[in-house]
Structures are given as C-alpha cells and as structure tokens.
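# Per-entry structural report
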Amino acid sequence: MHTHIKILLLSCLSVLAFAACASKPPVKSAAPAASSSSENSGANSAGADANNAAAGAGNRALGAGAGGPGGPLARVIYFDFDSAEIRPEFIDVVAGHARALAANASIKIRLEGHTDERGSREYNIGLGERRAQSVRRALLLQGVTEAQVSTVSYGEERPAVTGHTEEAWSKNRRVEFVYLN
Amino acid sequence: MQFKNALQLFGLVSLLGLAPASRAELQIDITQGVTDPIPIAIVPFSRAVPADGGLDVAEVVRHDLDGSGRFRSMAIASMLSQPTRADDVQIADWRAAGNDYVLVGRVTATADGQLSVVAELVNALTGQRLGNTQLVATAVNLRNAAHQVSDFVFQKLIGARGAFATRIAYVSVTGNIGAQRYSLIVADADGENPKVILDSDQPIMSPAWSADGQWLAYVSFENRISSIFVQRLRTGERRQVSARVGVNGAPAWSPDGQRLALVLSGTGGNLDIYVLNLATQTLQRFTDNPAIDTEPVWSTDGSVLYFTSDRSGGPQIYRASLAAPERVERLTFGSSYNARARLSPDGKQLAFVTRVGSDYRIAVQDLASGDMRVLSHGSLDESPSFAPNGMSVIYSARQGEQGVLATVSVDGLVTQRLKSSQAEVREPVWGPFTP
Amino acid sequence: MNQARRDQWLASFLSVMVHGLIIGAIAFTGWHFIRPTRAPMVLPIEGSVVQAAAPQAAPQAAPPEPAAPPVPVVAQPAPQPDPAVEARRAEERRIAEQQEQELARAKAAREAEAQAEAEAQAKAKAAQVAREQARKDAEQRAAELARQQAAKDKALREAELRDQLAAEERLNAARTGGQEAQYKQLLYARITNAWIRPPSAKPGVVCVVHVTQVPGGEVTGVTVGTCNGDAAVRESVEAAVYRASPLPAPPTPDLFEREFTVNFAPTD
C-alpha cells in the first residue's frame, strides 16, 4: 500500500515537473502528420511542438484546479499482471478525471493502454485495449460522455521503463490519461 | 544294417559339421546416426576482379553453410592447393585432410559485363562428381548468386531446398525511451544487405509478407492510432487499407493475395478477427466473441484461419474454417499461455510462443499428432516465423539488454544468432522463395 | 522386422530342422536294436536262462517196456497121428514150441533190446538235439543279450556323444556368438558415428548397403542396394561406410567377413 502511494506521489511530482517545463512528456511523441516515409525518402520528423503545446495547455489546465485537495491528479494508473481491473487505490484518481471531464463537455481525453513486455505483441495490444476500455467504462459511468473519451492501445510497444524485472514490468502495465485539449 | 550304420555315422558327422555352419550372413543394423556437421572444403573461387565488386563468393558460401550448423568448412590456411576445377581435385589429399566433400568454382566476367559463376561439388571419399551449378549475375546481385551456390550444396547433401537466397523483414528500434525511432527493414536471410523501407518515430508492428514476396503489410501508429498499410517493396508505393476506429492490427495475407485477415476492435474495444477484401474493401466478420481474438494465420489453401483467443481464460491457439467460423477447434493445451502461431510452409506444423514456468519460449507443434516440442531456451522469446523450406524458425530473443534475432532448426538441434547490430531488433518474418 | 532379423530366424529354424532330422535319423536307425523284434524267432524258453548248462530234464521218452510182443499163435490143424509118435511129436512139438518160444523170447528180447537200444539211441539223440537246441538257444539268448547290451551301450555312447556335441556347440556359440556379437557391436558403433544423418532420413527409411572390405578393415567397395530414401540419404549412407573405413578388426580373425550388409533404418 505504501509503495503505491509513493509511486503516485512520484508520478505526480514528475508530471508536474514536466508540465512546468512544458517540454515533451516521456511517452508522448510526434505529430499526427507525416511520420512515415517510403523506401526512397529519408527519415521523417513531425511538428511535435504543436501537439506538445496542446498537451501542455491541457496539463496546465488540469494542474490549475482539477486535482482537488490532495494535489494534482495522477495521469497514470497501474494494473496487476494479466488484469484490466482498476485497483482500489486508483478509484479516486479515475473519479477525479471523471469529475474534470463531466464538468466540461468540451474537454477531450485519450486513454492509452499499455502492457509489460512479456508475451506476444498483438495479444498485448488486446490487453492494453482492455485496460483502456476498463477506465473508459468507469468514466462513462461517472457522467463523462462518449464523445469525450477515445482509447488507443500500444500494447508493449511504448514502455515507460526499460528492464526485465517485475519492478520495471509493474511500471509498464498502465493506462495514461492524455488530455487533448 | 550297414546302411543304417552309415546313416548314423553320417548323422553324427553332420551334427558336428552343421552346428557352426548355421550362422547367417553378417548384417549390421544402423538405427541412428549423428548430427555432426559434414566436413567440406570450400576452396576459394577464382575471382573476376574488379568486376565482382570485391565480393568473395566462396566466403559467402562458407558463411552460409557453417552458419546452418550442418557443415564444417575447412580452414583456407590448411589447404595445400586451391583448384578451381573438379578435374584438378586430388581427392586423396582432401580426404586425408578430413573432408568428405570439396567445392570448387570460378567467377569470370562475361563479354556483356556480367559475371558467370560456376561451382562443382566432388565427393572426396569416392571421387564422384555430385554435380555443378552455373549462374549468371550482375555485380549487384552477385551476393544472391553466392547464396544460390550454397542452396545447391545444401540440396545435394541435406536433401532439402536451401533458404540462403531468401529475405527477412524485421523492425529495428533505436534511441532511448521517449526518443525512439522505429524502422522496418528488409535484409538477406543472413542479415546482410539491410534496407530500410519505412522509418518512423511511432511504433511499427506485425510485418507480413505477401505470398509472392512483393508486398509487406504492417501496422503503423503514425496517425496516433494503429492503422494497417500495405507497401510494394520494389517501388515503395504504399496504401492505408484499414484505419477504422479502435484497434487495427495483425494483418495476414491470404495465399492468393486478394484478402487480408486483420483484427479490429471497433468502439467496444473487444478485439475480433475480420477478413478484408482488398479490392472491394468489404469486411467479413470471422470471430464474434467477448474474448481477445487476434493474430490470424491462413492455411495453405486459404480456407481455414488459425488464431489466438483467450476465450478459455488465457491465450490459446484455435482454428476454424471461413465457411463455418463458429465451429472453433482448440489446438493447444498443456500451458496456460500459447499465442502468436505461424504455420509451416507445408501446413503440417505450427510454431508459437508458449509459456514454460515464467519463461516465454518458441514451440513447434505437429498438427496431426499434437506432439509439441519446445525449441528455444530463453525467457522472452517471441515472434516465430518459419523459413520457406520449413527447416528452421527465426524469432526474436533477448541477449542481455538487447533484442536480437535467432534461428533454430525445427528439430531443435541447430541454433544461430544473426548478425547483431546496435539497434534493438524484433518481429522477424521470413520471406518466401522467390522463383 | 528388417531383413537381418528375418534371416537370423530362418537360419535358426533351418538349423533346428536339420539337427532334428539328423537326430531323428540316428534315433530311427538305432531303434531297431532297442526294441525286441517280433518275427521270426520264437524263444522256446521264457524267463531267464543265463547259461547254456547241461540239460537238466531229459525228454520224457516212453519207458522201455518189456512188452511181450504178441506171439503169433499159429493154429496148426493137427492130423491124428499115433500116440507115440504123437507123444514124440508132441514132445517134439513141445520142444519145438519151447525152442520157438525161446527163439521168440530171444527174438523178443533181442527186439526189445534193439528197441530199447533204439529208444535209448533216440533218447540220446533227442537229448543231444535238445542239448544242442538248448545250447543254441542259450547262445542266441546270450548273443541277443550281448546285442542288447551292445545296443544299450551304443545308445548310451551316442547319447553321451550328443550331449558332448551339444555342450561343445554351446561352448562354441558362447565363444563365437559372444565374439560375433562383439564384432557386430564394433561395426555398429563405428558406422553409427560415421553416419551424418540428413533430416530426410526419417523412420521408415530403409537403405541396404553392401560392403566389401579387405583384411585390415579398409573398405574397397560400397554398393547401395534397395533404398527408399532420397538422394541425400543415399549419399549419406554411402559416405557413412567410407567414413567408417578402416573398419574395426574382429576379436578373432576367423570372424572376418569380406562382404557384409549394413541396413540403415533410423528409428527416431
């Protein structure tokens, strides 16, 4: 129990730090446009700044008031192995996001589901999607409209932490709350 | 009276004489052999310098055959002579040096600027000529011609078509977390000649070869969601074929190249398998189940799909025909986790990822008997893919902190690590024979 | 079952058959001397007559019988003569009668004597015949017993001989069989380790290879016979025998086989 609180605090702090710097958050990247190329063209990059600004704005908006008395709201919740069930310690976090979204129907959020690296990649896409859907259902139950929530699953493709231990894996089994505006 | 005596005498004598003479002709029954590598001398070919672009054909052959684990080539330094013609091979010398076979050859420039490659195989035990191969190549594809020489030797002595002249595709990732770059690469089967065909800062997944080796399908997150593309290798032309709401994943070409089996989740978030007709863009639903159904694989005749489903709790391999998709048959048992099946070219075996204790390993299962054999020994082995001759499986493994590619023979006896690079490599898929 | 085992069975079967035939022949021909023959000899004496001793009981000839032979009574029709003459004649007659009687008595006596003598002779002769007969019988008996004994002895000797042969055979087989098995094991090990088995050499593949070697083990000829494997399998089994050259020497030189067969039949 205590370790989870520690993790929460750490993540809150780190998110705040990043938000303050308005720099690219660890697992966000690139723009929607033109991120791929065909055989003969060179490498691509994307207008990452536009999206980051938006995300930063979203973060700032949240940081300004959505956190409630405990502090800023966590952007990541974690899951047990092979499970999509929201752990009891994160129910309040989900509720906090639900409140923020329910209060303003124009705010849109994307839930990004992830898994640890073990097992097959496409099956992990399914597990990541299950987790994102689990959080989505919880939000919808708490008054958030469908149009506000989208989901994406990255499976094991975008780990937050490298490493092959349970400690690293536990930090990768997660859903991230990404505010789009 | 005398006759009887005589008969008795004869009888007694015969008793003496017959007893040892009843032994049958000497026969030895051999029920096993060894899997030792065949000792072969691959003599440096005569070169066509500078037309050959600096490529040592015999060296490529040596690397192919040694790497297969089924041959052991003689060190050049130990060769007393370097004949280039079978006529010049004195088998007694080569045999005395411990070789069973000798390969000699010549690369010569032709009048029209091409290169002629001739190789001859000689049995050092008997002096018999096992045949020769003759190829014409350009400087650009001379390496491929060398691989074809390896195929020729392999076919003669192992009795199976060599896969040295085929290609693989894989995903390569560089950079640290948060600044990673993803590339889709096509290379020779030995890892040489890598060519980047797609470069992205978003994940690329699940490359899949078309049966004719002309196209790759894959999943790209370039649009912030997963979407499926097909790309023609020779031209680089690419098309987005599925970007539906939710998950788009696990594309698999039908044997006739007309359809893609793929995975969609729709808005509900539940993964199911569909079949997309590429020309008409019509979708046919294959699974309709609250479980995760993914990773479809076509049978060789295109009538059946094998897939992963966790409808019984954990992921297992199932199959069903396209004509009756509701009649689902479970194929894997014994482990609580079996996923990511791939079918052998002859359709008789499945390779997949199985969990053994807490390790994830590659297993091969015979479809007729259900016999399963675990081939690999790592803890995070995944993404198996059969060679087009069905004799080995390429997969990704971890080597320390790095993701590497490895091959293992289907009998589990020969393993090989591919040429390693700085990058983390994953998701290898073995291309087909190109006729 | 492969060819080698079948042949072994055949060889064993044939061996048993021939042995059985030979032993049967011996037994059959010897049978005659063991079982009593039926015809044509009839032993007058049953029981155990051991020695050709003197005949104990003389044949029961008719005891000499002083039987008075019937005197022919000649009835003489007497004329009526004179008394003196008649007396004289009567006297003469009486004397003649007396003489006649005496003669007759003498004759009878002589005859009886002769008869007795004849009888005695006959008796003696019979006795002699009997004695001879007895002697002959006894001889025969003895001979037969001797033959019986001889036959017994012979049978015993033959049995001993057979036992001895069997024992020698077993010993032989143990020695040569053990050594032969040893030789086969040496060849098996050498060739197995020399056979680089291609993946297509699966169970069900059977290749028969005929090998020729010279003393010292050098392989001088390899011929692949019936073989249902592919070209790589054929290549590999031929190579296996050459790679195994020189072949190991047998434990004893007499076990060396210039030509033998190797059956490649993988089982796994």
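See the structure printed just above.
Residues numbered from 1 in each chain as written. Chains lettered and ligands numbered in written order. Predicted model: local features only at pLDDT ≥ 70, side-chain atom pairs only at ≥ 80, totals over all residues. Heavy atoms only, no water.

## Focus on the pairing of strand β16 (residues 272-277) of chain B
Consecutive residues of a regular strand have side chains that alternate between opposite faces of the sheet. Residues and elements named next belong to chain B. Of all six residues in β16, five are buried, a share of seventy percent or more. Across six bridges, the pairing between strand β15 (residues 259-264) and β16 is antiparallel. By the bridge assignment for β16, L264 is matched with D272. Here β16 pairs with strand β17 (residues 283-285) via three bridges, running antiparallel. Note on β17: the bridge partner recorded for L276 is L283. Counted between consecutive antiparallel strands, the loop separating β16 from β17 contains five residues, among which Q281 sits at a positive phi close to 60 degrees. (Buried < 20%, exposed > 50% of the residue type's maximum accessible area, 1.4 Å probe, protein only. Helix = DSSP H or I, 4+ residues; strand = E, 2+ residues; numbered from the N terminus. Pairing = 2+ DSSP bridges.)

## Focus: the state of the cysteines
Residues and elements named next belong to chain C. What the rule picks out here adds up to one disulfide over all chains. Across the disulfide from C207 sits C227; the S-S distance is 1.8 Å. Taken together, the positions of C207 in strand β1 (residues 207-213) and C227 in strand β2 (residues 219-227) put the pair 20 residues apart, joining distant regions of the chain. Accessibility classification places C207 together with C227 in one group, the buried group. (Disulfide = S-S within 2.5 Å.)

## Here's the deal with the sheet that holds strand β19 (residues 304-309) of chain B
All names here are of chain B. With respect to topology, four strands assemble into an open sheet ordered β18-β19-β20-β21, the strand pairing being antiparallel. Every interior strand has two partners, whereas the edge strands, β18 (293-298) and β21 (329-330), have only one. Across two bridges, the pairing between strand β20 (residues 316-321) and β21 is antiparallel. Following the sheet pairing, R319 is matched in β21 by E329.

## A look at the pattern of salt bridges
Summed over the entire model, instances satisfying the criterion amount to 36 salt bridges over all chains. Ionic pairing is found between D80(A) and R87(A), a salt bridge with its closest N-O pair at 3.0 Å. Ionic pairing is found between R173(A) and E166(A), a salt bridge with its closest N-O pair at 2.8 Å. Looking at R173(A), the relative accessible area reads 4%, which means it is buried. By sharing partners, the salt bridges in this structure join R121(A), E156(A), E157(A), E382(B), R398(B), E424(B) and R426(B) into a single network. (Salt bridge = Lys/Arg side-chain N within 4 Å of Asp/Glu carboxyl O.)

## Here's the deal with the interface of chain A and chain B
Contacts between the two partners involve 43 residues from chain A, matched on the other side by 55 residues from chain B. For the pair chain A and chain B, the summed buried area comes to about 4,000 Å², and 49% of that belongs to carbon and sulfur atoms. Across the chain A-chain B interface, the total number found is three salt bridges. Taken together, the connections running from chain A to chain B amount to 11 residue pairs in polar contact (both at pLDDT 80 or more). Among the secondary structure elements, those contributing two or more residues to the side of chain A that touches chain B are α4 (121-141) and β3 (149-155) of chain A. When residues in the side of chain A that touches chain B are grouped by element, the largest group, 10 residues, is from α4(A). (Contact = heavy atoms within 4.5 Å. Buried area = accessible area lost by both parts, 1.4 Å probe. Polar contact = N/O pair within 3.5 Å; in protein donor to acceptor, adjacent residues only side chain to side chain.)

## Observations regarding empty space enclosed by the protein
A full pass over the atoms with the stated rule returns four cavities of 30 Å³ or more. Empty space within the largest cavity amounts to approximately 80 Å³. The wall of the largest cavity is formed by I38(B), D100(B), Y101(B), L157(B), A194(C), I196(C), P198(C), E235(C), S236(C), A239(C), A240(C) and R243(C). Top element by residues in the lining of the largest cavity is helix α3 (residues 231-243) of chain C. It accounts for five residues. Broken down by class, the residue content of the lining of the largest cavity amounts to eight nonpolar, one polar and three charged. (1 Å grid on protein atoms, 1.4 Å probe; cavity = no way out; pocket = protein on both sides within 12 Å on 5 of 7 lines; lining within 4 Å. Points joined across faces, edges and corners; volume = space filled by probe spheres on them. Nonpolar A, V, L, I, M, F, W, Y, C, P; charged D, E, K, R; others polar.)

## Concerning the nonpolar core
In terms of nonpolar packing, the biggest core is built from 65 residues, with F45(B), F71(B), L103(B) and F264(C) touching the most fellow members. L103(B) has contacts with A41(B), I42(B), V43(B), F45(B), V61(B), A119(B), E120(B), L121(B), V149(B), F152(B) and V153(B), leaving out every residue within four places of it along the chain. By size, the runner-up hydrophobic cluster in this structure holds 54 residues, among which are V241(B), I273(B), F307(B) and V393(B). (Core = buried A, V, L, I, M, F, W, Y, C linked by side-chain atoms within 4.5 Å.)

## Details of the sheet that holds strand β24 (residues 359-366) of chain B
All names here are of chain B. Here four strands make up an open sheet; going across it, the order is β22-β23-β24-β25 and the pairing antiparallel. Both outer strands of the open sheet, β22 (338-343) and β25 (372-374), are each paired with one neighbouring strand and no more. For this sheet, the mean angle separating the axes of adjacent strands, direction not counted, is 30 degrees. As paired strands, strand β23 (residues 349-356) and β24 are joined by eight bridges and run antiparallel to one another. Counterpart to F352 in the pairing with β24 is A363. (Axes fitted to C-alpha atoms, helices over the stretch in contact; angles between N-to-C directions.)

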